[in-house]
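The chain contents come next:
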Amino acid sequence: MYGVAPQRLAAATEASRKYWPVLRAERLRRIREHDPELADQLEQMLGEEP
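As the structure is a computational prediction, the values presented were derived from the model and not from experiment.

Caption draft 1: Seen up close, the overall build of the protein. Of the regular secondary structure elements, the protein holds two helices and zero strands. Since a compact globule built from 50 residues should have a radius of gyration of about 10 Å, the 15 Å found for the protein marks it as more spread out than a globular shape. In terms of its C-alpha atoms, the protein occupies a principal-axis envelope of roughly 45 × 20 × 15 Å. By the burial criterion, 6% of the 50 residues in the protein qualify as buried. Accessible surface computed for the protein: about 4,700 Å², of which carbon and sulfur atoms make up 58%. Of the side chains in the protein, 8 bear a positive and 9 a negative charge, and the two mean positions are spaced by 11 Å.

Caption draft 2: Expanded view of the environment of leucine 28. Among the secondary structure elements, leucine 28 is positioned in helix α1 (residues 6–34). Relative accessible area serves as the criterion here: at 9%, leucine 28 is assigned to the buried category. Ignoring anything within four residues of it in the chain, the contact list for leucine 28 reads Ala39, Leu42 and Glu43.

Caption draft 3: Representation of a nonpolar patch on the surface in the model. Side chains of Tyr19, Trp20, Val22 and Leu23 sit close together on the surface and give an oily, nonpolar patch of about 450 Å² of accessible area. Mapping valine 22 onto the fold places it in helix α1. Classification of valine 22 as exposed rests on a relative accessible area of 53%.

Caption draft 4: The arrangement of the pattern of salt bridges in detail. For the coordinates displayed, the defined rule picks out six salt bridges. In this structure, the salt-bridge partner of arginine 32 is aspartate 40, at a minimum N-O distance of 2.8 Å. Counted as one network, the salt bridges with shared partners bring together Glu26, Arg29, Arg30 and Glu33.

Caption draft 5: Looking closely at the packing of α1 against helix α2 (residues 36–46). In contact at an axis separation of 6 Å, α1 and α2 are set at 150° when each is read in the N-to-C sense. Residue-level contacts link Arg24, Leu28, Ile31, Arg32 and His34 of α1 to Pro36, Leu38, Ala39, Asp40, Leu42, Glu43 and Leu46 of α2. A breakdown of the residues in the contact of α1 with α2 according to their chemical character gives seven nonpolar, one polar and four charged.

Conventions adopted
Residues numbered from 1 in each chain as written. Predicted model: local features only at pLDDT ≥ 70, side-chain atom pairs only at ≥ 80, totals over all residues. Heavy atoms only, no water. Helix = DSSP H or I, 4+ residues; strand = E, 2+ residues; numbered from the N terminus. Rg over C-alpha atoms; globule rule 2.2 N^0.38 Å. Buried < 20%, exposed > 50% of the residue type's maximum accessible area, 1.4 Å probe, protein only. Areas by Shrake-Rupley, 256 points an atom, 1.4 Å probe, with all protein chains shown as cover. Lys, Arg positive; Asp, Glu negative; His and termini not counted. Charge placed at Lys NZ, Arg CZ, Asp CG, Glu CD. Contact = heavy atoms within 4.5 Å. Patch = residues over 30% accessible without salt bridge, like charges linked within 9 Å, V, L, I, M, F, W, Y side chains within 5 Å. Salt bridge = Lys/Arg side-chain N within 4 Å of Asp/Glu carboxyl O. Axes fitted to C-alpha atoms, helices over the stretch in contact; angles between N-to-C directions. Nonpolar A, V, L, I, M, F, W, Y, C, P; charged D, E, K, R; others polar.

Structure below.
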């Protein structure tokens, strides 16, 4: 993290916090299209989003 401006780091952290649930849902949807049982197992392993 050396050399990264604190504002940029904070912005990147906030962006990842905001978009991770969207990316996670999309990935699970794609997995479910091919293997619904695997998607169910992954959802159980990952648990609910806080």
